[in-house]
Amino acid sequence: MSMQNVGKNLSDQPQVWNKWIVNSTDTWDDVFRNDSYQQELLEEWRKSRMGPLVDSIPSHIVRNRLPADSPIFQQYDDPSAGPGTPHIELGLQNGWGVPLATLPEDGYFIGAGVCVVTPHSRMYLLE
């Protein structure tokens, strides 16, 4: 079977996470750091469908579209699927965010992930 178009016109959604120290201990950081605490919360959720695991991470997601008269569109075509498709996404998280492998051993944080959900660039996978 030959699929000539596989790997062509590939796009990815670049994302960067910003993190800030907060003066509160009411974040997800201790959940991320402590496996036994995670299991405790999971058991609470399994038994009662209550507790912090009923919330999602991130807690807020904002999707925004650049205005049609944005100066960037004088130089580049709009890469989105249509006039209702966002260009940028912002995810707010009550905790460190990704990558969790870099979570410091102590401290409490808030994170904001910014993602270009309709990038203009395209690439090709080589054979």
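Up top you'll find the structure we're talking about.
Read on for a plain summary of the structure.

Procedures and definitions
- Residues numbered from 1 in each chain as written.
- Predicted model: local features only at pLDDT ≥ 70, side-chain atom pairs only at ≥ 80, totals over all residues.
- Heavy atoms only, no water.
- Phe/Tyr/Trp six-rings, centres within 6.5 Å; stacked < 30°, edge-to-face > 60°.
- Buried < 20%, exposed > 50% of the residue type's maximum accessible area, 1.4 Å probe, protein only.
- Helix = DSSP H or I, 4+ residues; strand = E, 2+ residues; numbered from the N terminus.
- Lys NZ or Arg CZ within 6 Å of the ring centre and 35° of its normal.
- Pairing = 2+ DSSP bridges.
- Axes fitted to C-alpha atoms, helices over the stretch in contact; angles between N-to-C directions.
- Salt bridge = Lys/Arg side-chain N within 4 Å of Asp/Glu carboxyl O.
- Polar contact = N/O pair within 3.5 Å; in protein donor to acceptor, adjacent residues only side chain to side chain.
- Contact = heavy atoms within 4.5 Å.
- Expected span 1.5 Å × (residues − 1).

**Section: the packing of aromatic side chains**
For step 1, the next point in the chain: Applying the stated criterion to the full structure yields two aromatic pairs.
For step 2, the next point in the chain: When the ring of tryptophan 28 is compared with that of phenylalanine 32, the centres are 6.4 Å apart and the planes differ by 25°; the resulting orientation is stacked.
For step 3, the next point in the chain: For tryptophan 28, a relative accessible area of 12% corresponds to the buried category.
For step 4, the next point in the chain: Ring centres of tryptophan 96 and phenylalanine 109 lie 4.7 Å apart, and the angle between their planes is 80°; this geometry places the pair in the edge-to-face category. Of this pair, tryptophan 96 sits in the loop between β3 (88-93) and β4 (109-116) while phenylalanine 109 sits in strand β4; the two residues are 13 residues apart in sequence, bridging distant segments of the chain.
For step 5, the next point in the chain: Here arginine 49 stacks its cationic end above the ring of tryptophan 45, 4.1 Å away from the centre of that ring.

**So, the sheet that holds strand β2 (residues 60-64)**
Sheet strands pair via backbone hydrogen bonds, and the direction of the pair is either parallel or antiparallel.
For step 1, the next point in the chain: Spatially, four strands are ordered β1-β4-β3-β2 in an open sheet, and the strand pairing comes out antiparallel. Where the open sheet ends on each side, the last strands, each with one partner, are β1 (15-21) and β2. Averaged over all pairs of adjacent strands, the angle between their axes in this sheet comes to 15°, without regard to strand direction.
For step 2, the next point in the chain: Sheet topology places β3 next to β4; six bridges connect them, and they run antiparallel. Residue pairing for β4: glutamate 89 is matched across the bridge by cysteine 115.

**Regarding the pattern of salt bridges**
For step 1, the next point in the chain: The tally for this structure, following the rule as stated, stands at four salt bridges.
For step 2, the next point in the chain: Residue arginine 46 is joined to glutamate 43 by a salt bridge in which the shortest nitrogen-to-oxygen separation is 3.1 Å. Placement of both arginine 46 and glutamate 43 in helix α2 (residues 35-48) is noted, with a separation of three residues, approximately one turn of the helix.
For step 3, the next point in the chain: Between aspartate 78 and arginine 65 there is a salt bridge, with the nearest N and O atoms lying 2.6 Å from each other. Of this pair, aspartate 78 sits in the loop between α3 (72-75) and β3 while arginine 65 is found in the loop between β2 and α3, placing the two residues 13 residues apart along the sequence.
For step 4, the next point in the chain: A residue is classified by how much of its surface remains accessible, and arginine 65, at 26% relative accessible area, is partly exposed.

**A word on the side chain of serine 80**
For step 1, the next point in the chain: Mapped onto the secondary structure, serine 80 falls in the loop between α3 and β3.
For step 2, the next point in the chain: Overall, the relative accessible area of 14% leaves serine 80 in the buried class.
For step 3, the next point in the chain: Looking at serine 80, its side chain comes within polar contact range of the side chain of arginine 65, at 3.1 Å.
For step 4, the next point in the chain: A polar contact of 2.9 Å, which involves the side chain of serine 80, links it to the side chain of aspartate 78.
For step 5, the next point in the chain: Not counting residues up to four positions away in its chain, the partners in contact with serine 80 are Arg65, Thr85, His87 and Thr118.

**Structural notes on the pairing of β4**
For step 1, the next point in the chain: Judged from the seven bridges that link them, β1 and β4 form a sheet pairing that is antiparallel. For valine 16, the partnering residue across the bridge sits in β4 and is valine 114.

**What about α2?**
For step 1, the next point in the chain: For α2, spanning 14 residues, the distance from its first C-alpha to its last is 20 Å, which sits close to the expected 20 Å at 1.5 Å a residue.
For step 2, the next point in the chain: Once α2 finishes, arginine 49 follows within two positions and takes phi at roughly 55°, a positive value.

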